[in-house]
Every structure is written in C-alpha cells, then in structure tokens.
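# Coordinate inspection notes
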Amino acid sequence: MITEFEAVFSLVPDARFGMRNGVIIGWENKDVTQPTGEEIQAEVNRLQAVYDSEEWKRKRKSEYPSIEECVHAILD
C-alpha cells in the first residue's frame with residue numbers, strides 16, 4: 001500500500017517535511033510549493049497503479065533463481 005509520505009517524496013524528491021495522519025504539518029522547502037491534498041492523492045493512486053501492474057514481476061522473481069545462483073550452478 002502506497003502512503004502519502006511516499007507520494008510527497010515522489011512529487012518533491014528533495015522535500016523536507018513532517019507528516020501526521022497523511023497530512024503535511026511542516027514544510028521546510030521555501031523554493032518549492034507544497035503539494036495539495038488532491039495532488040498527493042493523485043500521486044498515491046498513480047504509484048499504487050504502477051505497483052499493482054508490476055505484481056507479475058514480483059511473483060516471477062520468487063519463482064526463478066537469482067543470477068548469482070545460476071552462475072554458481074553453471075560453474076559447478
């Protein structure tokens with residue numbers, strides 16, 4: 001589950017802020033405008049959609065050996 005905290009960092013990667021219950025309570029970035037609640041929620045939705053769409057990758061990774069395991073098997 002993507003959080004509002006992750007969404008703010010996605011929108012403003014160098015952000016310095018405090019958050020409580022999904023609401024920004026301190027914004028220390030004078031050069032960057034604080035994202036609105038709607039912008040944060042839209043980013044949460046976007047990031048969640050990306051995460052959900054890549055579920056097959058996470059499942060596939062657990063079903064196959066790592067590169068290191070393959071190299072080790074070849075060398076043995």
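Structure: see above.
In short, a report on the structure. Because the structure is predicted, anything quoted here is derived from the model rather than measured. (Residues numbered from 1 in each chain as written. Predicted model: local features only at pLDDT ≥ 70, side-chain atom pairs only at ≥ 80, totals over all residues. Heavy atoms only, no water.)

## Overview of the nonpolar core
Ranked by size, the top nonpolar core spans 11 residues in total: Ile2, Ala7, Val8, Val12, Ala15, Phe17, Ile24, Trp27, Ile40, Val44 and Leu47. Of all elements in the fold, only helix H1 (4-11), strand S2 (23-27) and helix H2 (37-53) reach the threshold of two or more residues within this core. When residues of this core are assigned to their parent elements, the largest contribution, 3 residues, is made by H2. (Core = buried A, V, L, I, M, F, W, Y, C linked by side-chain atoms within 4.5 Å. Buried < 20%, exposed > 50% of the residue type's maximum accessible area, 1.4 Å probe, protein only. Helix = DSSP H or I, 4+ residues; strand = E, 2+ residues; numbered from the N terminus.)

## So, the packing of H2 against helix H3 (residues 55-63)
One can describe the packing of H2 onto H3 by two numbers: an axis separation of 4 Å at closest approach and a directional angle of 40°. Here H2 lies oblique to H3, going by the angle between them. Two secondary-structure elements touch here, H2 through Tyr51, Asp52 and Ser53 and H3 through Glu55, Trp56 and Arg58. By residue class, the composition of the contact of H2 with H3 is 2 nonpolar, 1 polar and 3 charged. (Axes fitted to C-alpha atoms, helices over the stretch in contact; angles between N-to-C directions. Parallel < 35°, antiparallel > 145°, perpendicular 65-115°, else oblique. Contact = heavy atoms within 4.5 Å. Nonpolar A, V, L, I, M, F, W, Y, C, P; charged D, E, K, R; others polar.)

## Here's the deal with the pattern of salt bridges
With the rule as written, the count across this model stands at 4 salt bridges. One salt bridge connects Lys59 with Glu55, and the closest N-O pair in it is separated by 3.4 Å. One end of the pair, Lys59, and the other, Glu55, are both in helix H3, 4 residues apart, so they sit about a helical turn from each other. By relative accessible area, Lys59 is classed as partly exposed at 47%. (Salt bridge = Lys/Arg side-chain N within 4 Å of Asp/Glu carboxyl O.)

Note that all results are geometric; they support no functional claim without further evidence.
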